[in-house]
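Results of the structural survey
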Amino acid sequence: MSEHNRHGLPRSIPEPRKRLVRQRCGFGCVVCGSAVIQYHHFSPAFSEAKDHDPEGITLLCGTHHQEVGNWLSDQDVIKHNAAPYCQSKDAHRLVRVQAPLYVIAGTAIFFGTGDLITVGSEPALKIVVEEGRLLLNATFFDDAGRPTIKIVDNELSICRDTWDAQFVGKQAIVRESAGRISLRFSVIAPNCIYFEHLDFAFGTSRVVFRPDRFELWNRNGLAVGNSNFVLCSGGGIFIDESGPKLRNLRFLTYSSDRFVELAKTGQVQLLLSELGMH
Ligand SMILES: [Zn+2]
């Protein structure tokens, strides 16, 4: 495929224009809602285009992109572009997971089911077992406390006001503004979900996940933080206006050839740094 059309227009679409197309189309294939997409020039066709006009470009999954000109006519593309699937249904794709599921949040590895992270009265990360199936429920917020992505019973949707969301391979990246990532996660099917990068704020609480750390902040500063891998089981993290709290959460870390339990906690804020985690 030539890199330029006969008008000298390069095939690559500038990133800011791609984002406008993604947002207009609801971040998914306009026909079926698949989150893994390609860009398709439909008005005019790429061969005739003199410019990458975002209004003349739409999102199609690989399957639907191949079918343009076959059973998916140009008129069909115009029709679907005018009423994108994701703008009406809010649904993107299934997150396929199965037991035993572990959730890696920065350097904290959660085993088990239940309310892993709760924000206010909302489950921010919750795993439910229903008839032997695992159902993941999650709501993620950006640094300003706005919801960006929701997963309801394994079905993923991207909130309308989200600035940008992109799926590259198995990885989802949510940005709250240019160059500012609020969430990056991968579903390493079927047993692992890895939250590599997360920033979210709720009241005076902040949650930060990075490949080398896991941090919970309250108004006074860092409440829980560790840069070593820890295993978390049996409970969860509850975040409200007054700050993050750990409930019935056991922290295990690897030390001298075995796992040792760091502390059993109730509704106390735990300074893991005092327990030798730093
Ligand atoms: Zn499609």
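Residues numbered from 1 in each chain as written. Predicted model: local features only at pLDDT ≥ 70, side-chain atom pairs only at ≥ 80, totals over all residues. Heavy atoms only, no water.

Per an unreviewed UniProt entry, the protein chain is named HNH endonuclease, and its organism is Tahibacter aquaticus.

Bringing the pattern of salt bridges into the picture now. The full count for this structure, using the stated rule, is 12 salt bridges. Of the charged contacts in the structure, one is a salt bridge between R6 and E48, with a shortest N-O distance of 2.6 Å. Of this pair, R6 sits in the segment before helix 1 (15-25) while E48 sits in the loop between strand 1 (38-41) and strand 2 (57-60), and the two are 42 residues apart along the sequence. Between R180 and E176 there is a salt bridge; the shortest N-O distance is 3.5 Å. (Salt bridge = Lys/Arg side-chain N within 4 Å of Asp/Glu carboxyl O. Helix = DSSP H or I, 4+ residues; strand = E, 2+ residues; numbered from the N terminus.)

This brings us to the coordination of the zinc ion. The reference angle at a metal is 109.5 degrees if four donors form a tetrahedron and 90 or 180 degrees if six donors form an octahedron. Of the protein atoms, only C29 (SG), C32 (SG), C61 (SG) and H64 (ND1) coordinate the zinc ion, at distances of 2.1 to 2.3 Å. Counting along the primary sequence, the residues that act as donors to the zinc ion give the motif C-x2-C-x28-C-x2-H. You can see C29 sitting in the loop between helix 1 and strand 1 and its partner H64 sitting in helix 2 (residues 62-67), a full 35 residues away along the chain. Accessibility expressed as a relative area gives 0% for C29, which makes it buried. Classification of H64 as buried rests on a relative accessible area of 10%. (Donors = N, O, S within 2.8 Å, 3.2 Å for Na, K, Ca; no water. Buried < 20%, exposed > 50% of the residue type's maximum accessible area, 1.4 Å probe, protein only.)

Moving on, we get to the packing of aromatic side chains. According to the stated counting rule, one finds 5 aromatic pairs in the structure shown. Consider the rings of F209 and F214, whose centres lie 5.7 Å apart with planes at 15°: the pair is stacked. One exposure class covers both F209 and F214, and it is buried. Of the aromatic side chains, those joined through ring pairs into one cluster are F110, F209 and F214. (Phe/Tyr/Trp six-rings, centres within 6.5 Å; stacked < 30°, edge-to-face > 60°.)

Moving on, we get to the nonpolar core. Counting residues in hydrophobic clusters, the biggest one holds 45 residues, and the most contacted among them are F110, L125, I149, F185, F195, F214 and I237. For this core, the element with the most residues is strand 7 (residues 133-141), which contributes 5 residues. If near-sequence neighbours (up to four positions away) are discounted, F110 is found in contact with L101, Y102, V103, A105, L116, F214, C232, I237 and L249. Counting residues in hydrophobic clusters, the runner-up holds 15 residues, among them C25, I57, C61 and V77. (Core = buried A, V, L, I, M, F, W, Y, C linked by side-chain atoms within 4.5 Å. Contact = heavy atoms within 4.5 Å.)

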